[in-house]
Amino acid sequence: ATTMNAKSSSEGEEETSGMRNETLGESGRLGEAKRRRVIRVAYVIAALDLTFLFMQMGVMPYLAKSLGVDSVGFGYLQTIFGVLQLVGGYIFGRFADKFGARAALILSCASGSVFFLLMSLSTSIPLLFLSRLPGVFMHGMPGAQKVITDVASPSQRAGALGKLGLCFGVGIIACPPNSGDYLFFVSVYSIYVPTYVGLVGSLINTMIAMFWIPKQTKPKSDHHMTEQSDLFSIREILRLMKFPGVMEVFIVKVFAGFPIGLFMIMFSIISMDFFGLEAVESGYLMSYFGVLQMVVQGLVVGKLASHCSEMTLLRLSVFVFAIVGLGMALMRTVRHYCIIAVPLVFAFSMLATITNSILTKAVPSSDTGAMLGICASVQSLTRTVGPTIGGVLYKQFGVSSFGYLQLMVNLGLFVYLLKSKIPLGEMKSQ
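Every value quoted in this text rests on a predicted model; they were computed, and no experiment measured them. (Residues numbered from 1 in each chain as written. Predicted model: local features only at pLDDT ≥ 70, side-chain atom pairs only at ≥ 80, totals over all residues. Heavy atoms only, no water.)

Q: Please clarify how the overall build of the protein should be interpreted in this entry.
A: Within the protein, the secondary structure is distributed over 18 helices and zero strands. The 430 residues of the protein split such that 52% are buried. Here the contacts in the protein between residues at least 6 apart in sequence split such that 86% fall between residues at least 24 apart. Of the roughly 19,700 Å² of accessible surface on the protein, 67% is carried by carbon and sulfur atoms. (Helix = DSSP H or I, 4+ residues; strand = E, 2+ residues; numbered from the N terminus. Buried < 20%, exposed > 50% of the residue type's maximum accessible area, 1.4 Å probe, protein only. Contact = heavy atoms within 4.5 Å. Areas by Shrake-Rupley, 256 points an atom, 1.4 Å probe, with all protein chains shown as cover.)

The structure is reproduced here in structure tokens:
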């Protein structure tokens, strides 16, 4: 009888546990079908957001020139936007942790609407500078990453995050920056047409986030940020960096992609001066880059992430970056660049996906938004200091200097990753 009672009690506990797990699946982590739907919606929002971002990058030089902004003033415009994105990345991440991924995405899309509205009204230089201010909260990609991080299981996270690169490719193909398409808008319609398109598109994106992203994307037990927590805190950043493996992986993330980031910032000038391309040809080259991004992210990164360890893929991406640096140092024609672009896109995509996956697993689930915000600030930092450093490198040492810098930095990082034993482990919610 005692055995039967124990067995019955055990079965009852299992049934209760099963009911709890089922409830958690429905109200906490969402059901599997809902989970896939939310991830697809996040992809759509990210793709539209990046398309509009590239759109403003393309129209801004023409708009600034029409208002009488010289090259120095245009540099100030770019620097202000980069600084706002740099500061806002972490604040946006903390906002997502405190109020949820849905609220953060709505904030980002709404800020994009205000951004394009101010651009469409920019009939003077002060108004043009004022239009940069909403950029502090324009972080559609980190917002989509936050949704996917909350919804996807840890084993599926790297693959799901990797497919966000498809959205990047869609944005470049749909609206390649520095292409000749904007000359058409300026000559036939109006220089403000792209800003009107961006305004309407951002409003649509806001509505998608509002009605198709659930208010709660992770269990309530995972929310641990108090109402008194500051949205910007150096102490909180340092706290996150103290988790095992976070500082080491973050350093690799920053330095491995920095040289190629400088090259991409200077690419519009390099394409004209070094490759001798016209604006339309430069747009085609960027579209080629976008197609490669879609193929690599859609067909390669996810499959490798499911078959190889994250540390193996991190070392592989850094090693390939070093090989790319050697190729860049030796390239002389645009055909050489088209060949080098294949391993370049692979390494760039793999590094971004794997480091984001490792870092979000290494911190408590209540801090994943802040971690993604810090990761997004890396690109903003490159955009802020890149024009100055890249300009000096290009003027003093030529295009090959970017390749040699890429080679030396990533060879050093590869040796570091081989010798060091970085503790990688998933941090449970605390």
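Q: Hey, could you run me through the packing of helix α2 (residues 32–66) against helix α6 (residues 140–151) in this one?
A: As a packed pair, α2 and α6 sit with axes 9 Å apart at the nearest point and diverge in direction by 170°. By the angle between their directions, the pair α2 and α6 is classed as roughly antiparallel. Listed contacts from α6 to Arg 35, Val 38, Ile 39, Ala 42, Tyr 43, Ala 46, Asp 49 and Leu 50 of α2 are Gly 140, Met 141, Ala 144, Val 147, Ile 148 and Val 151. Class assignment for the residues of the contact of α2 with α6 results in eleven nonpolar, one polar and two charged. (Axes fitted to C-alpha atoms, helices over the stretch in contact; angles between N-to-C directions. Parallel < 35°, antiparallel > 145°, perpendicular 65-115°, else oblique. Nonpolar A, V, L, I, M, F, W, Y, C, P; charged D, E, K, R; others polar.)

Q: Just to check I follow, could you spell out a nonpolar patch on the surface for this structure?
A: Together, Ile 173, Val 291, Val 295 and Leu 299 give the surface a local cluster of nonpolar side chains, amounting to about 320 Å² of exposed area. Element by element, the count of residues in the nonpolar patch is highest for helix α14 (residues 279–307), at three residues. Structurally, Val 291 can be placed in helix α14. Overall, the relative accessible area of 43% leaves Val 291 in the partly exposed class. (Patch = residues over 30% accessible without salt bridge, like charges linked within 9 Å, V, L, I, M, F, W, Y side chains within 5 Å. Salt bridge = Lys/Arg side-chain N within 4 Å of Asp/Glu carboxyl O.)

Q: Got a minute to help me understand the UniProt feature "transmembrane region" (unreviewed entry) in the protein in this structure?
A: Under the UniProt annotation, the feature "transmembrane region" (unreviewed entry) is placed at residues 41–63, 75–93, 105–129, 191–213, 249–270, 313–331, 337–359 and 399–418. As annotated, residues 75–93 comprises 100% helix and 0% strand, and the C-alpha atoms at either end are separated by 27 Å. Counted over residues 337–359, helix gives 100% and strand 0%. Its end C-alpha atoms are 32 Å apart. (UniProt positions renumbered as here; feature names shortened; annotations may be inferred.)

Q: Help me understand the pattern of salt bridges, please; the structure alone is not making it clear to me.
A: Pairing is possible between side chains that carry opposite charge, provided their charged atoms lie close to one another. A complete count under the given rule lists eight salt bridges for this structure. A salt bridge links Arg 239 to Asp 367, with the shortest nitrogen-to-oxygen separation between them at 3.0 Å. Within this pair, whereas Arg 239 is found in helix α11 (residues 234–241), its partner Asp 367 is found in the loop between α16 (334–362) and α17 (368–397), the two being separated by 128 residues in sequence. Residue Lys 361 pairs with Glu 310 through a salt bridge whose shortest N-O separation is 3.1 Å. Here Lys 361 is found in helix α16, whereas its partner Glu 310 is found in helix α15 (residues 310–330), with 51 residues between them in sequence. For the residue pair Lys 361 and Glu 310, the accessibility class agrees, reading buried in each case. Because the salt bridges share partners, they merge into one network encompassing Arg 94, Glu 236, Arg 239 and Asp 367.

Q: I would appreciate a short explanation of the side chain of Glu 236 in the present structure.
A: With respect to the helices and strands, the residue Glu 236 is situated in helix α11. A polar contact of 3.4 Å, which involves the side chain of Glu 236, links it to the side chain of Arg 94. Apart from the residues lying within four places of it in its own chain, the contact partners of Glu 236 are Tyr 90 and Arg 94. (Polar contact = N/O pair within 3.5 Å; in protein donor to acceptor, adjacent residues only side chain to side chain.)

Q: I keep staring at the packing of aromatic side chains and nothing clicks. Help me out?
A: What describes a pair of aromatic rings is the distance from one ring centre to the other and the angle between the planes of the rings. The full count for this structure, using the stated rule, is ten aromatic pairs. Aromatic side chains Phe 81 and Phe 115 sit 6.0 Å apart centroid to centroid with 50° between the ring planes, which places their arrangement in the tilted category. Linking Phe 81 in helix α3 (residues 71–99) with Phe 115 in helix α4 (residues 101–120), this pair joins segments that are 34 residues apart in sequence. Its relative accessible area of 7% is what places Phe 81 among the buried residues. Owing to a relative accessible area of 0%, Phe 115 belongs among the buried residues under this scheme. Ring centres of Phe 267 and Tyr 337 lie 5.5 Å apart, and the angle between their planes is 35°; this geometry places the pair in the tilted category. Of this pair, Phe 267 sits in helix α13 (residues 267–273) while Tyr 337 is found in helix α16, placing the two residues 70 residues apart along the sequence. Its relative accessible area of 2% is what places Tyr 337 among the buried residues. Site record: aromatic cluster; members linked through ring pairs are Phe 263, Phe 267, Phe 274, Phe 275, Tyr 337 and Phe 402. (Phe/Tyr/Trp six-rings, centres within 6.5 Å; stacked < 30°, edge-to-face > 60°.)

Q: Explain α17 to me, please; I cannot follow it from the model alone.
A: Since there are 3.6 residues in each turn of an α-helix, residues three or four apart along the chain are aligned in direction. For α17, built from 30 residues, the straight-helix expectation of 44 Å at 1.5 Å per residue is met to within 8% by its first-to-last C-alpha distance of 40 Å. Taken as a whole, α17 carries its principal kink of about 55° at Gly 386; the proline Pro 387 stands between one and four residues after it. Looking at the residues trailing α17, positive phi occurs at Gly 398, about 85°. (Expected span 1.5 Å × (residues − 1). Bend = angle between axes of the 7 residues up to and from the residue.)

Q: Just to check I follow, could you spell out the layout of surface pockets for this structure?
A: Gaps left between atoms show up when a probe the size of a water molecule is rolled over them. Of the pockets and cavities examined, the second largest pocket occupies roughly 400 Å³. Forming the boundary of the second largest pocket are 19 residues, of which Ser 155, Gln 156, Gly 159, Ala 160 and Lys 163 lie nearest the centre. For the lining of the second largest pocket, the secondary structure elements donating two or more residues are α2, α7 (154–162), α14 and α16. Among the residues forming the lining of the second largest pocket, the class breakdown is seven nonpolar, five polar and seven charged. (1 Å grid on protein atoms, 1.4 Å probe; cavity = no way out; pocket = protein on both sides within 12 Å on 5 of 7 lines; lining within 4 Å. Points joined across faces, edges and corners; volume = space filled by probe spheres on them.)

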